[in-house]
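# Coordinate analysis (summary)
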Amino acid sequence: MANKQQQTEITTRHVNVYYGAKQALFDVNLAFPKYQLTALIGPSGCGKSTFLRCLNRGNDLLGHTRVSGEFQFEGRDIYDQAVNVMQLRSQVGMVYQQPTPFPFSIFDNVSFSQRMSGEKNPHKLAAIVEKSLRQAAIWDEVKDNLQQSALALSGGQQQRVCLASVLAANPKVILLDEPTSALDPVATAKVEETLQQLKANYTIIMVTHNMQQASRISDQVAFFLDGKLIEFNATKKIFLHPQEQMTSDYLNGKFG
Amino acid sequence: MNKQLFNSSKEIRQDKLGRLLVYSALTVVLVLALAMLYFIFSKGIATFTQNHINFWDFLTRSNWNTDNLQKPDLGAWALMVTSAETTLLAVLVTTPLALVIAIYIVVMSPKIGGRIVQPLTELLLGIPSVVYGFVGLTLLIPFLRNWAGGTGFGVLAASLVLALMILPTITSLAVEALNGVPQSYQTFAYSLGCTKWQVIVHVLLKISAPNLLVAVIFGVARAFGEALAVQMVIGNTVQLPLGLFTPAATLTSKLTTDMGNTIDDTLASNALWSLALLLLVMSLIFNLLAKLVLRRSQSRESISR
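Everything in this summary refers to the structure shown in the same document. Keep in mind it's a predicted model, so treat the numbers as computed, not measured.

Thresholds applied
- Residue positions are given per chain, counting from 1 as you read along its sequence in written order.
- Each chain is given a letter, starting from A, and each ligand a number, starting from 1, according to the order in which they appear as written.
- Owing to the predicted nature of the model, reporting of local features is limited to residues with pLDDT of at least 70; listing and counting of side-chain atom pairs is limited to 80 or more, with chain, interface and lining totals taken over all residues.
- Excluded from the side-chain calculations are hydrogens and water; all other atoms, namely the structure's heavy atoms, are used.
- Counting from the N terminus, the helices are DSSP H or I runs at least four residues long and the strands are E runs at least two residues long.
- Based on C-alpha atoms, the radius of gyration is set beside the globule rule, defined as 2.2 Å times the residue count to the power 0.38.
- Here a residue-residue contact requires only that any non-hydrogen atoms of the pair lie within 4.5 Å.
- To be clear on the numbers: accessible area is Shrake-Rupley with a 1.4 Å probe, and residue cover counts the displayed protein chains and nothing else.
- In summary, the charge assignment counts Lys and Arg as positive and Asp and Glu as negative, without counting His or the chain termini.
- Lysine's charge is taken at NZ, arginine's at CZ, aspartate's at CG and glutamate's at CD.
- Any two of the Phe, Tyr and Trp rings considered here, Trp counted by its six-membered ring, make a pair once their centres fall within 6.5 Å; the pair's planes then place it as stacked at under 30 degrees, edge-to-face at over 60, or tilted in between.
- With a 1.4 Å probe rolled over the protein chains alone, any residue whose accessible area is under 20% of its type maximum counts as buried; one over 50% counts as exposed, and the rest are partly exposed.
- Consider the ring centre and the ring normal. A charge sits over the ring if Lys NZ or Arg CZ is within 6 Å of that centre and within 35 degrees of that normal.
- Definition used in this section: a nonpolar core is a set of buried Ala, Val, Leu, Ile, Met, Phe, Trp, Tyr and Cys residues joined via side-chain atoms within 4.5 Å.
- Here a strand pair is declared whenever DSSP counts at least two bridges between the two strands.

Okay, the overall build of chain A next. What chain A contains, in helices and strands, is 12 helices and 10 strands. Its C-alpha radius of gyration of 18 Å places chain A within 12% of the 18 Å reference for a compact globule of 256 residues. For chain A, long-range pairs separated by at least 24 residues make up 66% of all intrachain contacts whose partners lie at least 6 apart in sequence. Only carbon and sulfur atoms are counted for the fraction: they give 48% of the accessible area of chain A, which is about 11,300 Å². With 25 positive and 23 negative side-chain charges, chain A shows a separation of 3 Å between the mean positions of the two kinds.

Following this line, the structure appears as structure tokens:
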């Protein structure tokens, strides 16, 4: 375990992102340890979601976005011309703020990525669906209704079905963009518990507005402000002894 | 006593006037629609009640002979078949094309698509049908004549003109259908590792399928009801359309061709009203079909709320 924690899964160096003429990120250097949960915090518009989207090349889809810098994922630069972007996205999965299950059955939702990569064997698909739903801690709630539309579920259940869909693609890294901000406290607690368990097998990077959430479940915290990385440290250190005045001001609610 | 409490005010009178306007407009529309239905229906059944044409014969026979009043031989079967055939051919030609254009506008290049292609297709929507017929007559007919022989007039010419006419209808409704799929589904699909092709086929087309079907149904309805352009190129001969180059006549083209040449309350005139009734029933069926498809897809979606 100690050995595991020393490995880094994703390393970024000198990341700059521009939306047209406007620069959204300035020279961000971050290293994400394997099998740990890193929280990205900061006020709205500070660039944390932009940074998160860079990690699975989600910014490619937005148009007139320019990304520069180095993104090492398992020793390869993910912005290399030769990279298979579809493969990258299934290895670096993303869960969004609003639950976005497709208007299909729960089974079709969770098996989607596997079906898209050509898996047709119904037994294999069923096994993957069950495993993913179990990992996302929602199997017991939906196992009798797999053919029901995913849209019929509650928001919290939908979010965990989305998580299961991402897990079914066999990712190594899971990105979460404020995954609980649209959920009630009970559903939030369930998602947090699920993430705690997933940490054993996945590297998790999560954007959150919720300071308590960051302090509860993250191992590291990166604090962004105005497109710059202000401070990056172990969660305890950030919350108890922030090195930067701005971090402490933000955590104490002086702005944000 | 509080007098103001019982006084009428300007606002209240305005309110009453507004309500009066709305209800009177509504009444006019309702009366018009009902009168139209009654008129077409009563005139349409006169063929069977006054002229004693057998209703079953009318549906199944293919001759259109109204001159011999002793033994009239009257049947709309050939007309119905021709209408169905031209419509079907037109929709088969147009639907794939319209889908490709819609996908281009919505997914491939929203910039060029939205600024150039979409306005162009909408422009097509505004061209009067007589112009389509004229273009068919002057460009298509000579081409078909040289290519396949014969006169050039016939089912194929009519189908192609119709195909062009319903292209903008189906395209613009398909664009609406595709735009109706929330962006979040596309984003999520991409983030699960989908290619653009997979996003289009397995997310966009799949989710918008009911609305795309409605787009096609409206295209069918428009093609089925189009009269003038078809009449100009189909050759206007009442017979079963056995080949693509057979001159034929549709329900609508027969109506436009003959309507100036009959005398009221004769068999020839009543028979045309019967055709109108048939058309009315058909268009009601298309509308019901579209409503049914939409209601089914909406009831499926409303589970989410």
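Take the packing of aromatic side chains next. According to the stated counting rule, one finds 17 aromatic pairs over all chains in the structure shown. Geometrically, the ring pair formed by A:Phe71 and A:Tyr79 is tilted, given 4.9 Å between the ring centres and 40 degrees between the ring planes. Here A:Phe71 falls in the buried class, since its relative accessible area comes to 1%. Taken together, the ring pairs connect A:Tyr96, A:Phe102, A:Phe104, A:Phe112, B:Tyr185 and B:Phe188 into an aromatic cluster. The ring centre of A:Phe26 lies 4.7 Å from the NZ or CZ of A:Lys228, which sits over that ring.

Attention shifts here to the nonpolar core. Buried together is how nonpolar side chains tend to be arranged in soluble globular proteins. Formed by 141 residues in total, the largest nonpolar core has its most connected members in A:Leu40, A:Phe51, A:Leu133 and A:Leu195. Per-element accounting of this core gives the leading share, 15 residues, to helix 7 (residues 155-179) of chain B. If we ignore the near neighbours within four places in the chain, the residues touching A:Leu133 are A:Ile106, A:Val110, A:Ile138, A:Trp139, A:Val142, A:Leu146 and A:Ala164. Counting 10 residues, the second largest nonpolar core, distinct from the first, contains A:Ala39, A:Phe223, A:Ile230 and A:Ile238.

Residue and element names in this part refer to chain A. Pairing geometry for strand 1 (residues 8-19) and strand 2 (residues 22-33), over eight bridges, is antiparallel. Bridge pairing in strand 2 places Thr8 opposite Pro33. In this antiparallel pair of consecutive strands, strand 1 and strand 2, the connection spans two residues, and Gly20 shows a positive phi of 60 degrees. In this sheet, strand 4 (residues 65-73) lies alongside strand 1 in antiparallel orientation, the contact comprising eight bridges. Each residue of the ladder has a partner; that of Tyr18, found in strand 4, is Arg66.

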